[in-house]
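One letter stands for each residue in the lines below.
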Amino acid sequence: PQDPLHHRQQERRRCGHRAVLDQAERAVPEREAVVAGFLTRRELGYEFHPLLRDFMARRTSTPAEPDALRRLVELHLRQREWDDAFAVAVTAQDAQLAERVIERALDDLLNNGRLETLLAWTEHAPPGFDAAILELAEAELAFRHARHERAFVLAKRAATSLREDHPLRPRALLCAGQ
């Protein structure tokens with residue numbers, strides 16, 4: 001015979017699941033959007049599909065205010081949504097925002113093996129982007145691909161180009177010394 005406490009716990013779970021399903025059935029447009037791929041469920045809400053997001057951005061009649069773009073990038077950075085933060089910076093053609101994204105995301109991208117992402121970012125950086133940051137990112141990539149001579153040259157150039165108080169300068173010096 002089953003334990004009565006265990007039976008009551010299972011029944012509560014079933015009732016809880018039923019309530020969730022009932023709510024989902026009432027939200028048909030939301031569910032259809034998720035099933036169709038227009039929305040992706042995330043921990044803090046939903047995310048538009050990138051093509052839909054781009055389409056909606058192009059349809060907006062007024063350009064976004066620079067302060068609004070900075071706040072949006074900062075929001076993505078706080079949530080560690082590196083790709084979205086970089087996409088906003090590139091769409092805005094704001095080199096300083098793009099630099100900020102790479103500064104914040106560099107370690108995480110490298111530690112998680114997202115070398116292709118970093119490579120794509122260096123290739124699509126907006127005009128006016130600090131070349132020293134690109135050189136450092138490329139040096140890190142070269143080092144991870146065992147192209148040590150190239151990594152040294154790029155990192156040394158980055159280290160000499162970055163101002164002394166730049167947050168990535170120590171990293172450039174470390175990379176050059178490896």
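Residues numbered from 1 in each chain as written. Predicted model: local features only at pLDDT ≥ 70, side-chain atom pairs only at ≥ 80, totals over all residues. Heavy atoms only, no water.

Brief notes about empty space enclosed by the protein
Taken as a whole and assessed by the stated rule, the structure comprises one cavity of 30 Å³ or more. Computed from the structure, the largest cavity encloses a volume of approximately 30 Å³. Residue lining of the largest cavity: Phe-143, His-148, Ala-151, Phe-152, Cys-175, Ala-176 and Gln-178, and that is the complete set. Of all the secondary-structure elements, those providing two or more residues to the lining of the largest cavity are helix H9 (148-161) and helix H10 (169-177). For the lining of the largest cavity, the element with the most residues is H9, which contributes three residues. In terms of residue class, the lining of the largest cavity is built from five nonpolar, two polar and no charged. (1 Å grid on protein atoms, 1.4 Å probe; cavity = no way out; pocket = protein on both sides within 12 Å on 5 of 7 lines; lining within 4 Å. Points joined across faces, edges and corners; volume = space filled by probe spheres on them. Helix = DSSP H or I, 4+ residues; strand = E, 2+ residues; numbered from the N terminus. Nonpolar A, V, L, I, M, F, W, Y, C, P; charged D, E, K, R; others polar.)

Side note on the nonpolar core
Judged by nonpolar contacts, the single largest core of 38 residues is most densely connected at Val-73, Phe-86, Val-101, Leu-118, Trp-121, Phe-129 and Leu-136. Looking at this core, the elements that each hand over two or more residues are helix H4 (66-78), helix H5 (82-91), helix H6 (95-111), helix H7 (115-123), helix H8 (131-144), H9 and H10. Looking at this core element by element, the count peaks at nine residues for H6. (Core = buried A, V, L, I, M, F, W, Y, C linked by side-chain atoms within 4.5 Å. Buried < 20%, exposed > 50% of the residue type's maximum accessible area, 1.4 Å probe, protein only.)

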